[in-house]
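Examining the three-dimensional arrangement
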Amino acid sequence: MRCAASVFAALALVAAQAAQAQTIVINRPNNGTAARGEKSLQVSVNVQLSMPTPALTSTPEWTKAIATANQSLFEIINRECDVLGAALQGDCRMVQIHTGSNTSNRPNPGSPLTGVSASVNVNANATFEIEPKMSQAPAVISPQR
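Right, let's talk about the side chain of E129 for a bit. With respect to the helices and strands, E129 occurs in strand 4 (residues 116-132). Classification of E129 as buried rests on a relative accessible area of 16%.

This is the structure we're talking about:
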């Protein structure tokens, strides 16, 4: 019986961790501005977070839980331009973002503390534009005479 309780406690701990997923799609549009003939890249980034919470019963509690999850989501999105600009060697700017959230408060008779399993799910789909950096003109070497 103690072994079953230990296994259940370990599973509850794993389930209590925040989940995160990220998808990145890189598109090369036909109408980007050119830097030495190169076109800009458009990159779509999708980030999803699922954060377990204690049982929530009031609107202010739900509002606070959603705000906390959104703050984590926006911290990730705010760093994407730095990462994309460095990885793709260009200047990055966000051109569009869509966000969403949902919550659940499901009865869970197996939960050792409350009998209710609550979670907040947030997602963002952001589009970034990466403009190639102007490369320096190649050095011209004169032939030796």
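Here the narrative resumes, following the displayed structure.
Attention now moves to the pattern of salt bridges. Under the criterion given, the structure shown has one salt bridge. Notably, a salt bridge pairs E129 with R93, separated by 3.2 Å at the nearest N-O pair. Pair noted here: E129 is in strand 4 and R93 is in strand 3 (residues 90-107), with a separation of 36 residues, a long-range link.

The terminal C-alpha atoms of helix 2 (residues 59-88), which comprises 30 residues, lie 43 Å apart, in line with the 44 Å expected from a rise of 1.5 Å per residue. Listed in full, the buried residues belonging to helix 2 are W62, A65, A69, N70, L73, I76, I77, E80, C81, L84 and G85. Positioned one or two residues after helix 2, Q89 has a phi angle of 50°, which is positive.

Next up on the list: the environment of A55. If you trace the backbone, A55 turns up in the loop between strand 2 (41-53) and helix 2. For A55, a relative accessible area of 29% puts it in the partly exposed group. Once the C-alpha coordinates of A55 and A118 are considered, the two residues, 63 residues apart in sequence, prove to be 5.4 Å apart.

As used in these notes, a disulfide is a covalent bond between sulfur atoms, one from each of two cysteines. Across all of its chains, the model carries one disulfide by this definition. One disulfide bridge connects C81 with C92, the sulfur atoms lying 2.1 Å from each other. In this structure, the disulfide formed by C81 and C92 twists by about -90° around the S-S bond and is classed as left-handed. Of this pair, C81 sits in helix 2 while C92 sits in strand 3; the two residues are eleven residues apart in sequence, bridging distant segments of the chain. Judged by its relative accessible area of 22%, C92 falls in the partly exposed class.

Before going further, it helps to spend a moment on unusual backbone geometry. Negative phi is the rule for most residues except glycine; trans is the rule for most peptide bonds. One non-glycine residue, Q89, adopts positive backbone phi at about 50°. Within the secondary structure, Q89 sits in the loop between helix 2 and strand 3. Assessed through its relative accessible area of 62%, Q89 is described here as exposed.

Rules used in this analysis
- Residues numbered from 1 in each chain as written.
- Predicted model: local features only at pLDDT ≥ 70, side-chain atom pairs only at ≥ 80, totals over all residues.
- Heavy atoms only, no water.
- Helix = DSSP H or I, 4+ residues; strand = E, 2+ residues; numbered from the N terminus.
- Buried < 20%, exposed > 50% of the residue type's maximum accessible area, 1.4 Å probe, protein only.
- Salt bridge = Lys/Arg side-chain N within 4 Å of Asp/Glu carboxyl O.
- Expected span 1.5 Å × (residues − 1).
- Disulfide = S-S within 2.5 Å.

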